[in-house]
Amino acid sequence: MSIVCDENSKVVIMGGVAGVSAAMRMAEFSYLCKLPFSVTSFVYPPDAGKTAEIQYGSQFLSIPIYKSVGEATANHPETNTALVYIGANRAYKGCMEALENEKIQFVSMITEGVPEKDAKLLIKNSKKLGKLLNGPSSIGVLSAGKCRLGVIGGEYNNLKLSKLFRPGSFGVITKSGGLSNEIMWLVSQFADGVTTTIGVGGDTYPVTDFTTYLDLFEKDSDTKAVIIVGEMGGNLEEEAATWYEEKPRRIKLIGMVSGFCQETLPKGMKFGHAGAKEGKHGEGSARAKTERLRGAGAIVPDTFGDLGPTIKQVYEDLKATGQAKEIKDLPFSELPDLPRKVEEVIKAGDVMVQPLFKSTITDDRGEEPLYCGYPASELISKGYDIPHVLGLLWNKKLPNDKEAEIIKRILMLAADHGPCVSGALGTIMAACAGIGMSQSVAAGLIMIGPRFGGAVTDASKYFNYGLVHYPNDIPGFLTHMKKNVGPVPGIGHRVKSLKNPDKRVQELIRSVKELGLRSPHLDYALAVEAVTTGKKDNLILNVDGCMACVLTDLGFPHQSLNGFFVLARTMGMIGHWIDQKREGGRLIRLYNYLVNFAVTPRREVPDRK
Amino acid sequence: MGKVLEGPGMELFNKWGIYTPRHFVISTTDQFESLLQSNVWMRESKLVVKAHEALGSRMKLGLVKINLDADGAKKAADEILGRDIDGLIISQVIISEMIVHEEEFYLAVTSTREGAEILMAKFGGIEVEENWEQVKRTFVEVGDKPTDEQLEECAKSAGFGGELVEKMRKFSHRLFEAYDNEDGSYMEINPLIVNPADGKLCALDAVILLDNDARYRHPDWNFSFASEFGRAYTEDEKAIMEIDSRVKGSVKLIEIPGGKVALLPAGGGASVFYSDAVINLGGTIANYSEYSGDPPAWAVEALTDKVCSLPGIEHIIVGGAIANFTDVKATFTGIIAGFRKAKEEGKLDNVKIWVRRGGPNEAVGLESMRKLAEEGFDIHVYDRYTPLTDIARFALKGEDN
């Protein structure tokens, strides 16, 4: 048996994130004890109508979230317990809502920092309603092997170590959350474990006092002894002493009170929990409480260090009188383990997973991203530049400085070509329609294709074909192209010609020569241009073709080459978007006179058949 | 709980119709001059000047001067302001009208578990302590108000008679309203007197403790709480209070000069048992500290820094129970960072560190503490299998005991 909560406790948790994380811990406990999950619902108005996903073993349970306790209990009428994780300023109202709900029999309040007056009103109102409210500032309640309310008991492994998966013979009541866990550990080490452990909270006025719980423990035949851990201040321990001496009690009482240090400290200095304050006239001191408890027949060790041996002695006595028996526990290996995360299993080498895809350029699993193995910060500190990063990410090679220089110049030359070209116009139209930056730039980028800026890859492909198959036969190459492909990609311009040359192309060629870079593809393309311009003077090597040759000469794979145009022109498109925003560009509509309306004149719509 | 100094305390009293002597809180004598110009009473009445700080035994320290004329009051203020009391510089004085009176009474409201008690005595001052058993009490349940009959009866049983019964009823009603509406924990008037000038009851002093947790619903509390232990907070204590007020969980620090054992334990409950253990073994503690509720690592690091800076310490006790949800690894990361910094600054020379802890990620956390030994720390690390407070004994009596 147990008190306050057991395997029949069905819980509604009031509150947001903290409530959900408590539910996770509670699900771990249910799983360990092979019990169904105890939480039926959450109450958290901002998320009402949604569900919270709680991991139970390897399953994910969807627990519904409601607006009110009434709504939760109407949908889950088995609910009989409420856990309050609401902020201090609304906790009183939340507790009253739970107490006034006829289904709810027990409320435990985790909220810290609740005003004293609110706590006192809860004492009065819970009494009036005949219900128990535990807290505020409570770590929770745990009935070993049956029910966990809150995060009490700590992490999964501790639940096992402290044998909380099955009941023992000891009840525990503490003000401190951390000590509740410590005492459960002590009781598992020096005796047979706990029935129920209750954290009443360290506030000045815990709503439910020690004696109420002592009464319940006295009636719980499985509980043979109760440990209360008190502290200076208040009179809960004195009341417990009175309770213990006023008539013969079945349970043995072990007490422990902190605050002896107060005697040697400067007057008025107070420590620990809010409730830990000695009265003006010496009442409530650790010594007075200890003496009261001893006088009432409770066993109170001199120091916390003696508590373990004291528990052991009480357990031995209980065994000697046949009230308690040695419990044979299952080896831990037979208790369920929490399912491991996939990462842990792979790390342990217990499973092989077929990768979804392969990546060969970057890795951010460590402290910082690696570009082909080089830490980004080290590239920066050693003075490398954007073209080097581009070389690594696109070609998996670190370009030398001359190569980097030419990459940089290509990006500079291709950055923009005015507002009228397809890409910029696409971006500007979108910007003027009020579209955001990334979508507007995308509207420009989708223009890049076979006719606009997208000839770089193809130019590389075919000039390379020519260089390999028709190295000294330009007319042969042109015939091949005419027959099998069409116009040579990278040759020809709408407006530029021999007489009106593209300065960007000229500059790029000059750069390559000046830097003394190897240029077989460029030389081949220039030889092609010499022939084509002989036929028509705008059949010049255009910027796409020139870039294609230079970059192919640098060793970039031809699939990567359109990327240079995409990257460079993105700078321009972003600029156009910003420009329109800055200048307040208005919605663009084409003038009718720019369109040839070659349409059918107006006519009558026939009736539907 | 929070203690309110006399100046703001009297403002709070006045807000609820509780009559007090006229008074001002000043921090320079120039302020005194300008107040003197505009307040006739300061020239016509005798004055009292008191240090306006959270200090005990002000009378003994010569920080209270009475029966002064304006010049004398200015001189007294000048003398008191800037005085150094064990490192605390007096920065404010309260100047109030001195009311010569015959009889002194006592009135208080104190919070109890069920509600409040109103306490009355027809004597005041130090007589209250001496005759505590004769102070009369009447109980008011939480959510209720005292009745007229109940207050009059209490006043009569305390020995008040004639007109004073009605005056006490009205006055204690007001004090109760102040207590109830301002989330009071304790309000005391000692002495309460009758002002011969107008025959009205008047509160010569205000001891007010308010509930700090209720601050959110009192936007007009324009004061910060004063220290409750007879001295002002130190800079380090204030720095930790400031951090405590804005982080998840809590970090706490109270300095105790002269102690040899510094405490850096986890948990409001366990920390006091560590203090008890050190003192029980004949040791002296250099501070009280505590961190709990899974505070961020940086806050624990700041606390560690202050604890390591305590002068003359020989041991640091990094104790703690088996945590429910405070992450041992994460909080230890903060402590370790603080230790490394302190060691570099030479603050940990000849300081032994004792660790005992359990809880989420305990294995990793304890291992990282153990590794500090390789960096030259004198550190001794124990896990859950060593009882909670044994490290205090190891520190003071040796690891073999």
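On a predicted model such as this, the values are computed, not experimentally measured, just so you know.

The subject of this paragraph is the pattern of salt bridges. All names here are of chain B. In the structure shown here, the tally under the stated rule is 65 salt bridges over all chains. Glu-6 serves as the salt-bridge partner of Lys-50, at 2.7 Å between the closest nitrogen and oxygen. Here Lys-50, found in strand S3 (residues 47–51), pairs with Glu-6, found in helix H1 (residues 6–15); they are 44 residues apart in sequence, far enough to count as distant. Of the two residues examined, Lys-50 and Glu-6, each falls in the buried class. Arg-169 is paired through a salt bridge with Glu-166; the nearest N and O atoms lie 3.8 Å apart. Residue Arg-169 and its partner Glu-166 are located together in helix H7 (residues 163–181), separated by 3 residues, close to a single helical turn. Residue classification places Glu-166 among the partly exposed positions, given a relative accessible area of 39%.

Our focus in this paragraph is the sheet that holds strand S17 (residues 315–318) of chain B. Residue and element names in this part refer to chain B. Strand order in the open sheet made by the 4 strands is S15-S17-S18-S19, with parallel pairing throughout. Looking at strand neighbours, the two that pair on one side only are strand S15 (261–263) and strand S19 (379–382), the edges of this open sheet. Taking each pair of neighbouring strands and ignoring which way they run, the sheet shows an average axis angle of 15°. Judged from the 4 bridges that link them, strand S18 (residues 352–356) and S19 form a sheet pairing that is parallel. When the sheet's bridge partners are listed, Arg-356 is paired in S19 with Tyr-382. Of the strands in this sheet, S15, S17 and S18 are in contact with helix H9 (residues 270–280), which crosses S15 at around 170°.

The next point concerns the interface of chain B and chain A. In this assembly, 53 residues from chain B lie in contact with 62 residues from chain A. Roughly 4500 Å² of surface becomes buried between chain B and chain A when both sides are summed, with 57% attributable to carbon and sulfur atoms. When the buried surface of chain B facing chain A is broken down by residue, B:Arg113, B:Phe273 and B:Asn324 rank first, second and third, together holding 20% of it. Ionic pairing is found between A:Glu182 and B:Arg356, a salt bridge with its closest N-O pair at 2.7 Å. Secondary-structure elements contributing two or more residues to the side of chain B that touches chain A are H7, strand S11 (184–195), strand S14 (250–255) and H9 of chain B. The dominant element in the side of chain B that touches chain A, judged by the number of residues it contributes, is H9(B), at 7 residues. Looking at side-chain class alone, the side of chain B that touches chain A contains 23 nonpolar, 13 polar and 17 charged residues.

Attention now goes to the domain arrangement of chain B. Here the domain parsing of chain B yields domain 1 (22–97), domain 2 (105–217) and domain 3 (235–397). Look at where the C-alpha atoms of domain 1 of chain B and domain 2 of chain B centre, and you get two points 28 Å apart.

Grouped together as the largest cluster of nonpolar side chains are 109 residues, with contacts concentrated most on A:Phe170 and A:Phe271. Considering every element that reaches this core, the biggest residue donor is H9(B), with 7 residues. Of all hydrophobic cores here, the second largest spans 44 residues; its members include A:Leu478, A:Ile509, A:Val512 and A:Phe565.

Right, let's talk about the packing of aromatic side chains for a bit. Under the defined criterion, the tally for this structure stands at 20 aromatic pairs over all chains. Judged by centre distance (5.7 Å) and plane angle (85°), the ring pair of A:Tyr31 and A:Tyr56 falls under edge-to-face. Here A:Tyr31 is found in helix H1 (residues 17–32), whereas its partner A:Tyr56 is found in strand S3 (residues 51–56), with 25 residues between them in sequence. Residue A:Tyr31 is classed as partly exposed on the basis of its relative accessible area of 22%. One cation-aromatic arrangement involves B:Lys200 over B:Tyr19; the distance from NZ or CZ to the ring centre is 5.6 Å. Over the ring of B:Phe225 we find B:Arg215, and its NZ or CZ is 4.7 Å from the ring centre.

Judged by side-chain polarity, A:Leu590, A:Tyr591, A:Tyr593, A:Leu594, A:Val595, A:Phe597 and A:Val599 come together as a nonpolar surface patch covering roughly 820 Å² of accessible area. Residue A:Tyr591 is classed as exposed on the basis of its relative accessible area, which comes to 51%.

This brings us to the environment of B:Ser172. All names here are of chain B. Residue position: Ser-172 is located in helix H7. Look at Ser-172 and you get buried, because its relative accessible area is 1%. Measuring from C-alpha to C-alpha, the distance between Ser-172 and Glu-362 comes to 55 Å, with 190 residues separating the pair along the chain. One polar contact links the side chain of Ser-172 to the main-chain carbonyl oxygen of Met-168, over a distance of 2.5 Å.

Cut-off values and rules
Residues numbered from 1 in each chain as written. Chains lettered and ligands numbered in written order. Predicted model: local features only at pLDDT ≥ 70, side-chain atom pairs only at ≥ 80, totals over all residues. Heavy atoms only, no water. Salt bridge = Lys/Arg side-chain N within 4 Å of Asp/Glu carboxyl O. Helix = DSSP H or I, 4+ residues; strand = E, 2+ residues; numbered from the N terminus. Buried < 20%, exposed > 50% of the residue type's maximum accessible area, 1.4 Å probe, protein only. Pairing = 2+ DSSP bridges. Axes fitted to C-alpha atoms, helices over the stretch in contact; angles between N-to-C directions. Contact = heavy atoms within 4.5 Å. Buried area = accessible area lost by both parts, 1.4 Å probe. Nonpolar A, V, L, I, M, F, W, Y, C, P; charged D, E, K, R; others polar. Domains from an automatic or database assignment. Core = buried A, V, L, I, M, F, W, Y, C linked by side-chain atoms within 4.5 Å. Phe/Tyr/Trp six-rings, centres within 6.5 Å; stacked < 30°, edge-to-face > 60°. Lys NZ or Arg CZ within 6 Å of the ring centre and 35° of its normal. Patch = residues over 30% accessible without salt bridge, like charges linked within 9 Å, V, L, I, M, F, W, Y side chains within 5 Å. Areas by Shrake-Rupley, 256 points an atom, 1.4 Å probe, with all protein chains shown as cover. Polar contact = N/O pair within 3.5 Å; in protein donor to acceptor, adjacent residues only side chain to side chain.

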